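The primary structure of each chain is shown beneath.
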Amino acid sequence: MTDVSAATPLIRVNGQDEPLRAHTVAALLAEREISTDMRGIAVAVNGRVVPHADWPDATLAAGDTIEIVLARQGG
C-alpha cells in the first residue's frame, strides 16, 4: 500500500484510493498499460460510462471514482 499524505489529491480506481497522476481517462489507461485500441474495455467516472471516443478528453479530478472493466471471454 502506498503512503500518501493528506495533501495529495486522490481518486478511487476499482475500489482502491490512489494519487491523482493521470488527468484524463486515456492517460489513466496508459499508466496501467491498458491499450485503448483493445476491445472489451468500459470505463465509468462517477457512475457514468465514458464513451471510448471521449477518453482522450475526459478529465479526471480529485475525488473522482473510476471503474475500469475488462471483458474476458469464457465462462
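Cut-offs and rules
Residues numbered from 1 in each chain as written. Predicted model: local features only at pLDDT ≥ 70, side-chain atom pairs only at ≥ 80, totals over all residues. Heavy atoms only, no water. Core = buried A, V, L, I, M, F, W, Y, C linked by side-chain atoms within 4.5 Å. Buried < 20%, exposed > 50% of the residue type's maximum accessible area, 1.4 Å probe, protein only. Helix = DSSP H or I, 4+ residues; strand = E, 2+ residues; numbered from the N terminus. Contact = heavy atoms within 4.5 Å. Pairing = 2+ DSSP bridges. Salt bridge = Lys/Arg side-chain N within 4 Å of Asp/Glu carboxyl O.

### Considering the nonpolar core
So, point 1. Val25, Leu28, Val43, Trp55, Ile66 and Ile68 are the most contacted members of the largest nonpolar core, which totals 18 residues.
So, point 2. No other element matches the four residues that helix H1 (residues 25-31) contributes to this core.
So, point 3. Apart from residues no more than four positions distant in its own chain, Val25 is found in contact with Val43, Val45, Trp55, Ala58 and Leu60.

### Observations concerning the pairing of strand S5 (residues 65-70)
So, point 1. Relative to S5, strand S1 (residues 10-13) runs parallel, the two being bridged by two bridges. Looking at the pairing, Val13 lines up with Ile66 of S5.
So, point 2. Sheet analysis places strand S3 (residues 41-45) next to S5, joined by five bridges and oriented antiparallel. Note on S5: the bridge partner recorded for Ala44 is Glu67.

### Details of the pattern of salt bridges
Pairs can form between side chains of opposite charge whenever their charged atoms are close.
So, point 1. Enumeration according to the criterion identifies three salt bridges in this entry.
So, point 2. Asp17 serves as the salt-bridge partner of Arg12, at 3.1 Å between the closest nitrogen and oxygen.
So, point 3. Of the residues examined, Arg12 reaches a relative accessible area of 34% and is grouped as partly exposed.
So, point 4. With its nearest N and O atoms 3.5 Å apart, the salt bridge here joins Arg21 to Glu31. Within this pair, whereas Arg21 is found in the loop between strand S2 (16-19) and H1, its partner Glu31 is found in helix H1, the two being separated by ten residues in sequence.
So, point 5. Judged by relative accessible area, which is 33%, Glu31 ranks as partly exposed.

### Details of the sheet that holds S1
So, point 1. The mixed open sheet is built from five strands, whose spatial order is S2-S1-S5-S3-S4. Two strands bound the open sheet, and with one partner strand each, they are S2 and strand S4 (48-49).

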